[in-house]
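Structural features, examined
What follows is the residue order along each chain.
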Amino acid sequence: MKGFFITGTDTDVGKTFVTACMLRTLTDKRIRATAYKPVQSGAQWRDGKWVAPDVDMYRKVINVADEDGCTYLLKTPCSPHLAAKIDGVTIEPDRILLHMRRLQQTHDFVLVEGAGGIAVPLVDESFLVAHLAQLLSLPIIIVARASVGTINHTVLTVQYAKSFGLQIAGIIMNGFSTPKNEIEQENIRMIEAMTNIPVIGEIPHMTNFLRGEIVWRKEWWQ
Ligand SMILES: Nc1ncnc2c1ncn2[C@@H]1O[C@H](COP(=O)(O)OP(=O)(O)OP(=O)(O)O)[C@@H](O)[C@H]1O
Ligand SMILES: C[C@H](N)[C@H](N)CCCCCC(=O)O
Ligand SMILES: [Mg+2]
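Residues numbered from 1 in each chain as written. Chains lettered and ligands numbered in written order. Predicted model: local features only at pLDDT ≥ 70, side-chain atom pairs only at ≥ 80, totals over all residues. Heavy atoms only, no water.

With that out of the way, let us pick up the UniProt feature "binding site: Mg(2+)" (unreviewed entry) in the chain. Here the UniProt-annotated "binding site: Mg(2+)" (unreviewed entry) positions come out as Thr-16, Asp-54 and Glu-113. With the annotated positions falling across 98 residues, the maximum pairwise C-alpha distance of 8.8 Å places them together in a single cluster. Within this annotated set, the largest cavity is lined by Glu-113. In this structure Thr-16 comes out as buried when scored by relative accessible area, which is 12%. Non-local contacts of Thr-16, meaning those with residues more than four positions away in its chain, are made with Asp-54, Met-57, Tyr-58 and Glu-113. Mapped onto the elements, Asp-54 comes out in helix H2 (residues 53-58). Setting aside its immediate chain neighbours within four residues, Asp-54 contacts Thr-16, Lys-37, Gln-40 and Glu-113. A distance of 2.9 Å separates the side chain of Asp-54 from the side chain of Thr-16, its partner in a polar contact. (UniProt positions renumbered as here; feature names shortened; annotations may be inferred. 1 Å grid on protein atoms, 1.4 Å probe; cavity = no way out; pocket = protein on both sides within 12 Å on 5 of 7 lines; lining within 4 Å. Buried < 20%, exposed > 50% of the residue type's maximum accessible area, 1.4 Å probe, protein only. Contact = heavy atoms within 4.5 Å. Helix = DSSP H or I, 4+ residues; strand = E, 2+ residues; numbered from the N terminus. Polar contact = N/O pair within 3.5 Å; in protein donor to acceptor, adjacent residues only side chain to side chain.)

Given below as structure tokens:
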């Protein structure tokens, strides 16, 4: 079984969007893949039940049963540690580990999406998204914006991940202009120069999902 833990430089940076793009590539290559959102805050009420918006995005590409897509579905759109407290829920990391092990038995490739950025508290200040990546023993992929501000955010995220001893498989930069502009192009170069981590994918801004030229700079699926 192969897999990645998908984290990002921020919330709303495109982790889910990029995960869905990766799922499309995996399914195009007939790889039995799934995506999993262990902790979703900001659940949405739809058709008489609470749903995980990130899992809904995965469903644009693959079928995901409710019980497989998410372990903790929290209502308030805020840090998971607070959303759990508000909902009266205790997040147990071992439950997430068991959920992941179950998915690994039925799939050849599992993409696990964090919540927000890598330093987000899941339980409290002693158990963050970074700790979950450690627990699941998966290499991480960092999703970063293509635009101004991304150099600082990405370098800080890489440093923080390295401080946890996490294996960083690569950076995927998201939201490029078409064609890339000079600033975006230099952002790629400078991020690689400062982090020594390869930018393995370039995702353009797409007005329609998957109507855009994705550039995979590394065959991460192999
Ligand atoms: N390349 C893109 N082209 C067009 N829209 C995008 C792109 N990337 C992200 N988006 C949109 O931006 C918004 C935020 O993206 P997304 O939900 O993937 O962020 P996230 O990092 O997963 O957020 P969270 O921390 O809540 O999980 C979504 O509406 C998504 O559809
Ligand atoms: C609600 C949001 N879309 C995400 N699900 C959770 C983001 C948590 C961010 C916490 C923080 O960095 O302050
Ligand atoms: Mg997401």
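Additional details are given in the paragraphs that follow.
Here the focus is the site of ligand 1. Near ligand 1 you find 16 residues, and of these Thr-11, Lys-15, Thr-16, Phe-17 and Met-206 are the closest. Within the side chain of Thr-11, an N or O atom sits 2.8 Å from an oxygen atom of ligand 1. The contact in question runs from a nitrogen atom of ligand 1 to an N or O atom on the backbone of Pro-204, over 3.0 Å. In isolation ligand 1 exposes 630 Å². Once the protein is present, 72% of that is buried. Taken together, the elements giving at least two residues each to the shell around ligand 1 come down to helix H1 (15-28) and strand E11 (199-204). Here the shell around ligand 1 gets 3 residues from one element, more than from any other, and that element is H1. (Near = heavy atom within 4 Å. Areas by Shrake-Rupley, 256 points an atom, 1.4 Å probe, with all protein chains shown as cover.)

Axis separation between helix H5 (residues 93-106) and helix H6 (residues 129-136) bottoms out at 10 Å; the angle between their running directions is 45°. Of the possible angle classes, the one that applies to H5 and H6 is oblique. Between H5 and H6 lies a crossing of right-handed hand. For the pair formed by H5 and H6, the contact residues are Pro-93, Ile-96, Leu-97 and Met-100 on the first element and Leu-132, Leu-135 and Leu-136 on the second. When grouped by side-chain class, the residues that make up the contact of H5 with H6 number 7 nonpolar, no polar and no charged. (Axes fitted to C-alpha atoms, helices over the stretch in contact; angles between N-to-C directions. Parallel < 35°, antiparallel > 145°, perpendicular 65-115°, else oblique. Left-handed = near helix turned anticlockwise from the far one by under 90°. Nonpolar A, V, L, I, M, F, W, Y, C, P; charged D, E, K, R; others polar.)

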